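# Results of the structural survey
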Amino acid sequence: MTESFAVDRRNEAEARIRRFLDQENPSTPCLVIDLETIRARYQAIRAALPSIDIFYAVKSNPESDVVATLVAEGSHFDVASPAEIDLCLARGAEPSSISYSNPIKKAADIAYAYSRGVRMFVSDSEQDVRFVASHAPGSSVLLRILVHSKGSTYPFGNKFGCDAEMATDLLRLAHELGLVPLGVAFHAGSQQLSVEGWDSGIADAAVIAAKLRAEGIETTTVNLGGGLPVVYQESTPSLEAFGSAIEASIARHFGAARPKVMIEPGRAISAEAGMIRSSVVLVSRKSYSDERRWVYVDIGRYQGLAETEGEAIAYALRTSRDGGPVGPIVLAGPTCDADDVIYQHTRYDLPLDLRAGDHVDILHAGAYTSSYSSVCFNGFPPLATYCI
Ligand SMILES: *Cc1c(COP(=O)(O)O)cnc(C)c1O
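Residues numbered from 1 in each chain as written. Predicted model: local features only at pLDDT ≥ 70, side-chain atom pairs only at ≥ 80, totals over all residues. Heavy atoms only, no water.

Using the following cut-off: UniProt positions are given in the numbering used here, feature names are shortened, and annotations may be inferred rather than shown by experiment.
An unreviewed UniProt entry lists the chain under the name ornithine decarboxylase, with Lentzea pudingi as the source organism. We quote the UniProt Cofactor (unreviewed entry) comment for the chain here in full: "pyridoxal 5'-phosphate".

### Regarding the side chain of Gln192
To be explicit about the condition: Strands are runs of DSSP state E lasting at least two residues, helices are runs of H or I lasting at least four, and both sets are numbered from the N terminus onward. The definition of a polar contact used here is a pair of N or O atoms within 3.5 Å, where within protein one atom must be able to donate a hydrogen and the other to accept one, and adjacent residues in sequence count solely through side-chain atom pairs. Note on definitions: a residue-residue contact is assigned when non-hydrogen atoms from the two residues lie within 4.5 Å.
Counting through the fold element by element, Gln192 comes out in strand 9 (residues 190-192). From its side chain, Gln192 meets the backbone oxygen of Lys150 in a polar contact 3.1 Å long. A polar side-chain atom of Gln192 sits 3.1 Å from the main-chain amide nitrogen of Ser194. In contact with Gln192, other than residues within four places in its own chain, are Ser149, Lys150, Gly151, Ser152, Gly197, Trp198, Gly227, Pro229 and Phe242.

### Describing the pairing of strand 3 (residues 76-79)
Stated precisely, the cut-off is as follows: The rule for pairing is simple: two strands pair if DSSP sees at least two bridges between them. For crossovers, right-handed means that the path from the first strand over the helix to the second runs clockwise, given strands pointing away from the viewer.
The pairing of strand 2 (residues 52-57) with strand 3 spans three bridges and is parallel. What sits directly across from Phe55, in strand 3, is His76. Traced from strand 2 through helix 3 (residues 64-73) to strand 3, the parallel crossover comes out right-handed. Bridge count for strand 3 against strand 4 (residues 98-100) is three bridges, and the pairing is parallel.

### Notes on the pattern of salt bridges
The criterion, for reference: Salt bridge, as used here: a side-chain nitrogen of Lys or Arg that lies within 4 Å of a carboxyl oxygen of Asp or Glu. Residue exposure (1.4 Å probe, protein chains only): buried if accessible area is under 20% of the type maximum, exposed if over 50%, otherwise partly exposed.
Applying the stated criterion across every chain yields a total of 21 salt bridges. A salt bridge links Arg18 to Asp361, with the nearest nitrogen and oxygen atoms 2.6 Å apart. Note that Arg18 is positioned in helix 1 (residues 3-24) and Asp361 in strand 17 (residues 359-362), a separation of 343 residues in sequence. With relative accessibility at 2%, the residue Asp361 sits in the buried group. Between Glu218 and Arg213 there is a salt bridge, and its shortest N-O distance comes to 3.2 Å. Its relative accessible area of 35% is what places Arg213 among the partly exposed residues.

### Some points on the packing of helix 2 (residues 35-48) against helix 9 (residues 239-254)
In a pair of packed helices, the angle between the axes and the distance between the axes together describe the arrangement. Put simply, the test is: Note on definitions: angles span 0 to 180 degrees between N-to-C directions of axes, and those axes are lines fitted to C-alpha atoms, for helices only across the stretch in contact. The handedness criterion is simple: a crossing whose near helix is rotated anticlockwise from the far helix by less than a right angle is left-handed, and one whose near helix is rotated clockwise is right-handed. Throughout, the ten residues Ala, Val, Leu, Ile, Met, Phe, Trp, Tyr, Cys and Pro are labelled nonpolar, Asp, Glu, Lys and Arg are labelled charged, and all others, Gly among them, are labelled polar.
Interhelical geometry of helix 2 versus helix 9 gives an angle of 40° and a closest axis separation of 8 Å. The way helix 2 lies across helix 9 gives a crossing that is right-handed. Only Leu239, Glu240 and Gly243 of helix 9 make contact with helix 2, whose side of the interface consists of Arg41, Ala44, Ile45 and Ala48. Residue composition of the contact of helix 2 with helix 9, by class: four nonpolar, one polar and two charged.

### Here we look at the nonpolar core
What counts is decided by this rule: Residues enter a nonpolar core if they are buried and are Ala, Val, Leu, Ile, Met, Phe, Trp, Tyr or Cys, with the set joined through side-chain atoms within 4.5 Å.
The biggest cluster of nonpolar side chains holds 93 residues, and the ones touching the most others in it are Phe77, Phe186, Trp198, Leu224, Leu228 and Ile246. Discounting chain neighbours no more than four positions away, the residues touching Trp198 are Phe186, Ala188, Gln192, Leu224, Gly226, Gly227, Leu228, Phe242 and Ile246. In this structure, Ile17, Leu21, Val32 and Met275 belong to the second largest nonpolar core, which totals eight residues.

### With respect to empty space enclosed by the protein
Short version of the rule: The pocket and cavity definitions rest on a 1 Å grid over protein atoms only: a 1.4 Å probe that fits but cannot leave marks a cavity, an open set with protein on both sides within 12 Å along at least five of seven lines marks a pocket, and residues lining either have an atom within 4 Å of a point. Grid points are joined across faces, edges and corners, and a volume is the space filled by probe spheres set on the points.
Across all of its chains, the model carries two cavities of 30 Å³ or more by this definition. One number sums up the size of the largest cavity: a volume of about 70 Å³. In this structure, the largest cavity is lined by Arg10, Ala13, Glu14, Ile17, Glu272, Gly274, Met275, Leu363 and His364. Looking at the lining of the largest cavity, the elements with two or more residues in it are helix 1 and strand 12 (274-284).

Have a look at this one:
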């Protein structure tokens, strides 16, 4: 997809969402998901990474119609819990299309997944490999390794994965316990802006595969995790650039023994499909000399803008008064929590005549928003979602 075609696509999606909002005038805040964009993003990733199996990371947006749209496209699914398994199966996904990619699992949850037909699991510990062997006998296991997340806007830190030596031992253990030692999984950090972000993980995976092959244990697969980025405000390399860098890494490290490759995009499928509409609650200043106005909107950290913590993700904003003169603002949420300030370090300028009741639209907000919104903190309900 050329960049200008992608921009046209994004504008069309935004126009469809605005038409819906104008016609229905739902109360704010709300998230509108354009299913056509979900489809288009899936197809764009497929086209850019044609030899790689796509497992949609359900947690990024678990809306039932999003899952159904992706089932119809032939997507596979990355899930983290029994409820996500049920969701995918309820919308027609085959159990064989599901990877239980969360290394932190209760034995009972593994047994449940197995009873529903799931046969692919990701582990990063001896306990979990043993749990999978006893509660999902004969299943396939990928071992998650720790990799650095250099280049990622939203790094994963060191919660998941073990080092290469332990992963090798645990794949051997999986083999001994009658599981299928499928290979290595890793996650290069979310919103990974470097096309080389996957290279070191692929290199480690190849070393582990070669080591096991020398012992007579054939692994077949590498799971590249998520991380494909989306355009918030900064531009990103194209999907094609990621596709060719990843294929080049695989060729360089695996040579003729190309493994089966899986990727688990979440954000890259769901973010651009969504727009949040919020309303201004209050515009004020903290002193007569204060240059910056405070704009309080009816959505904040607890209704879906969790990824603005540390101002990691800086969404593009549009208001119903765009076009006139603008000035600097601090953007804050509506709750009584002092941390519910959305942007105070990132520079945002909004129209000087912005006032209570005006709309502030948050673009490309389909990922990690509704799924992060709290049940009812301070009496504010979870983010309402409409799929069109
Ligand atoms: C969250 C997650 C993903 C999706 O990450 P994105 O950065 O949204 O693409 C993929 N795989 C695993 C195991 C995850 O936990």
